[in-house]
Amino acid sequence: MKETVKLISAEGFEFVIDREAAMVSQTIRSMLTSPGGFSESKDGVVTFPDISTTVLEKICQYFYWSLQYSRGKETEFHIEPELTLELMMAANYLHT
């Protein structure tokens, strides 16, 4: 069984995704693996109070797309124009 993590949007919507997919983000990887007893590494739950549900959903899709791409499956990743600015800001924060 794959290990999962829970990502929570600003509105409280929860996305349960494979830990491997979440690790695409350097920020999430640091939160989940850093020593020091952070709650994220203990609980496997990361809350993003500044990322909307719509944007976090697209980010989760990107994590899975990135894994497939790194394994040689080249497909297009569509981004809705109205999400572009918010996605760019979230991607910058998440280092993806």
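Keep in mind the model is a prediction, meaning the values are calculated, not measured. (Residues numbered from 1 in each chain as written. Predicted model: local features only at pLDDT ≥ 70, side-chain atom pairs only at ≥ 80, totals over all residues. Heavy atoms only, no water.)

Novice: Sorry, what's going on with the packing of helix α4 (residues 53-70) against helix α5 (residues 84-94) here?
Specialist: In a packed pair of helices, the relevant descriptors are the angle between the two axes and the axis-to-axis distance. At their nearest, the axes of α4 and α5 sit 10 Å apart, and the two run at 60° to each other. Between α4 and α5, the interaxial angle falls into the category oblique. Every pair of crossing elements has a handedness; the one defined by α4 and α5 is right-handed. Residues V55, K58 and I59 of α4 form the contact with α5, whose own contacting residues are E86, L87, A90 and L94. Considering only residue class, the contact of α4 with α5 consists of five nonpolar, no polar and two charged. (Axes fitted to C-alpha atoms, helices over the stretch in contact; angles between N-to-C directions. Helix = DSSP H or I, 4+ residues; strand = E, 2+ residues; numbered from the N terminus. Parallel < 35°, antiparallel > 145°, perpendicular 65-115°, else oblique. Left-handed = near helix turned anticlockwise from the far one by under 90°. Contact = heavy atoms within 4.5 Å. Nonpolar A, V, L, I, M, F, W, Y, C, P; charged D, E, K, R; others polar.)

Novice: Sorry, what's going on with the packing of aromatic side chains here?
Specialist: Centre-to-centre distance and the angle between the planes together describe a pair of aromatic rings. Under the criterion given, the structure shown has six aromatic pairs. One Lys or Arg, K58, reaches over the ring of F77 and ends 5.1 Å from the middle of that ring. (Phe/Tyr/Trp six-rings, centres within 6.5 Å; stacked < 30°, edge-to-face > 60°. Lys NZ or Arg CZ within 6 Å of the ring centre and 35° of its normal.)

Novice: Could you clarify how one ought to interpret the pattern of salt bridges in this entry?
Specialist: Two side chains bearing opposite charge may form a pair once their charged atoms approach each other closely. Under the definition given, this model contains five salt bridges. With a closest N to O distance of 3.8 Å, E3 and R19 form a salt bridge. Taken as a pair, E3 in the segment before β1 (4-8) and R19 in helix α1 (residues 19-22) lie far apart in primary sequence, 16 residues in all. By relative accessible area, which is 53% here, E3 ends up exposed. Measuring nitrogen to oxygen at the nearest pair gives 3.3 Å for the salt bridge that ties K6 to E14. (Salt bridge = Lys/Arg side-chain N within 4 Å of Asp/Glu carboxyl O. Buried < 20%, exposed > 50% of the residue type's maximum accessible area, 1.4 Å probe, protein only.)

Novice: How do you make sense of the pairing of β1 when you look at a structure like this?
Specialist: Regular strands have side chains that alternate between both faces of the sheet. As paired strands, β1 and strand β2 (residues 14-18) are joined by five bridges and run antiparallel to one another. What sits directly across from K6, in β2, is V16. In this structure, the hairpin formed by β1 and β2 is closed by a connection of five residues, where G12 is found at a positive phi of approximately 95°. Here β1 runs beside strand β3 (residues 45-47); their pairing, made up of three bridges, is parallel. From the neighbouring strand, I8 faces β3, where its bridge partner is T47. (Pairing = 2+ DSSP bridges.)

Novice: Where do I start with the sheet that holds β3 in this structure?
Specialist: A sheet is described by the order of its strands in space; here three strands give the open sequence β2-β1-β3, paired in mixed fashion. Two strands close off the open sheet at either side, each with one partner strand: β2 and β3. Between one strand axis and the next, the sheet turns through 25° on average, direction left out of account. Against the sheet, α4 touches β1 and β2, its axis set at about 5° to β2.

Limitation: the analysis is restricted to geometry and does not speak to function.
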